[in-house]
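Structure at a glance
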Amino acid sequence: MTGVSEPAVTLAVPRPGWRFLLAHPAHLLALGLGSGLSPIAPGTVGTLWGWVTFAWLQPLLSTSQWAELLVAGLVVGWWACTVTARHLALADPSPVVWDEILAFWTILWLVTPAGWGVQCVAFGLFRYFDAVKPGPVGWADGLFKVPRAQPIGWAQGFGILLDDGVAALCTLLVMALWRWL
């Protein structure tokens, strides 16, 4: 014992369910209103939920309102992802899908107006970059990881959002090159 007090490490929930989702407002946001509870491909399901909610919100919000929503979503999402990761005792838990939702909202906001075909390409590219994590996405994903059983801090919450932000940038870069060619 060094005499230095360290933050308590919470025991991980094996697989979060509806009770976990509703236990804290951060869980509700971080788990994408339940879309992250999918037992199969929660990141893909979260991204699909992001697509549906974008289609619903897009005609209701102006450009400046979208910008405000995305900035607020980043700040509040950082808090929600950090709290939820702490409660799950994992640096980047797969049920946390707010990062996919926010990143895909950003992509769609920047490429619209766009037809369904372009949006499908954006979806496929984003899922590729987020799941496979090539190059800069993999680099960003590893920046804030901590070994299991280590305390989860604000840096890990930011890291949850960062790799999806980089995946979104890569998606937008490929789409810009595609349109340019």
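Shown above is the structure to which this text applies.
Our subject in this report is the structure included herewith. (Residues numbered from 1 in each chain as written. Predicted model: local features only at pLDDT ≥ 70, side-chain atom pairs only at ≥ 80, totals over all residues. Heavy atoms only, no water.)

1. Considering the packing of helix H7 (residues 135-142) against helix H8 (residues 154-180)
Under the convention used in this document: Inter-axis angles, ranging from 0 to 180 degrees, are taken between N-to-C directions of lines fitted to C-alpha atoms, where helices are fitted over the stretch in contact. The helix and strand labels rest on DSSP assignments: H or I over at least four residues marks a helix, E over at least two residues marks a strand, and numbering proceeds from the N terminus. Orientation labels follow simple angle bins: below 35 degrees gives roughly parallel, above 145 gives roughly antiparallel, 65 to 115 gives roughly perpendicular, and whatever is left gives oblique. Contacts are assigned to residue pairs with any non-hydrogen atoms lying within 4.5 Å of each other. Residue polarity follows a fixed list, in which Ala, Val, Leu, Ile, Met, Phe, Trp, Tyr, Cys and Pro are nonpolar, Asp, Glu, Lys and Arg are charged, and the others, Gly among them, are polar.
Relative orientation of the contacting elements H7 and H8 amounts to 170°, with a least axis distance of 8 Å. In terms of their interaxial angle, H7 and H8 are classed as roughly antiparallel. Listed contacts from H8 to Pro136, Val137, Ala140 and Asp141 of H7 are Leu162, Asp163, Val166, Ala167 and Cys170. Here the contact of H7 with H8 is composed, by residue class, of seven nonpolar, no polar and two charged.

2. Some words on unusual backbone geometry
Definition in use: Exposure classes here rest on a 1.4 Å probe applied to the protein chains alone. A residue is buried below 20% of its type maximum, exposed above 50%, and partly exposed in between.
Across the junction of Thr112 and Pro113, the peptide omega takes the value 10°, indicating a cis bond. Positionally, Pro113 belongs in the loop between helix H5 (98-111) and helix H6 (116-132). Backbone geometry at Leu33 places phi at a positive 55°, although glycine is not the residue there. Note that Leu33 resides in the loop between helix H2 (25-30) and helix H3 (42-57). By relative accessible area, Leu33 is classed as exposed at 52%.

3. A look at the packing of aromatic side chains
Let me state the cut-off plainly: Only Phe, Tyr and Trp rings are paired, with Trp represented by its six-membered ring, and only when their centres lie within 6.5 Å; those with planes under 30 degrees apart are stacked, over 60 edge-to-face, the remainder tilted. Over a ring means this: the NZ of a Lys or the CZ of an Arg is within 6 Å of the ring centre and within 35 degrees of the ring normal.
A complete count under the given rule lists 12 aromatic pairs for this structure. With a centroid separation of 5.5 Å and 25° between ring planes, the pair formed by Trp51 and Phe123 is classed as stacked. Note that Trp51 is positioned in helix H3 and Phe123 in helix H6, a separation of 72 residues in sequence. Residue classification places Trp51 among the buried positions, given a relative accessible area of 10%. In textbook terms, an aromatic cluster arises when at least three aromatic residues are bridged by ring pairs, as seen for Trp51, Phe104, Trp116, Phe123 and Phe126. When the ring centre of Trp154 is taken as reference, the NZ or CZ atom of Arg86 above it lies at 5.5 Å.

4. Let's talk about the pattern of salt bridges
So the rule is basically this: Here, a salt bridge means any side-chain nitrogen of Lys or Arg that lies within 4 Å of a carboxyl oxygen of Asp or Glu.
Scanning the model with the defined rule gives five salt bridges in all. Of the charged contacts, one joins Arg127 and Asp130 as a salt bridge, the two residues approaching to 2.6 Å between their closest N and O atoms. Note that Arg127 and Asp130 are positioned in helix H6 at a spacing of three residues, about one turn of the helix. The same class applies to Arg127 as to Asp130, namely buried. Among the ionic pairs, Lys133 bridges to Asp163, the shortest N-O distance being 2.9 Å.

5. Section: the nonpolar core
Counted only if it meets this: In these notes, a set of buried Ala, Val, Leu, Ile, Met, Phe, Trp, Tyr and Cys residues joined through side-chain atoms within 4.5 Å is what counts as a nonpolar core.
By size, the foremost hydrophobic cluster in this structure holds 45 residues, and its most contacted members are Leu31, Trp98, Phe104, Trp105 and Ile107. Counting only elements with at least two residues in this core, the list comes to helix H1 (18-22), H2, H3, helix H4 (63-88), H5, H6, H7 and H8. Take this core: its biggest share by element is nine residues, from H5. In this view, Leu31 contacts Pro16, Phe20, Leu21, Gly36, Leu37, Thr84, Pro95, Val96 and Val97; residues no more than four positions away in its chain are not counted.

6. What to know about the side chain of Arg127
Arg127 gets classed as buried once you look at its relative accessible area, which sits at 13%. Apart from the residues lying within four places of it in its own chain, the contact partners of Arg127 are Gly43, Thr44, Thr47, Glu100 and Val132.

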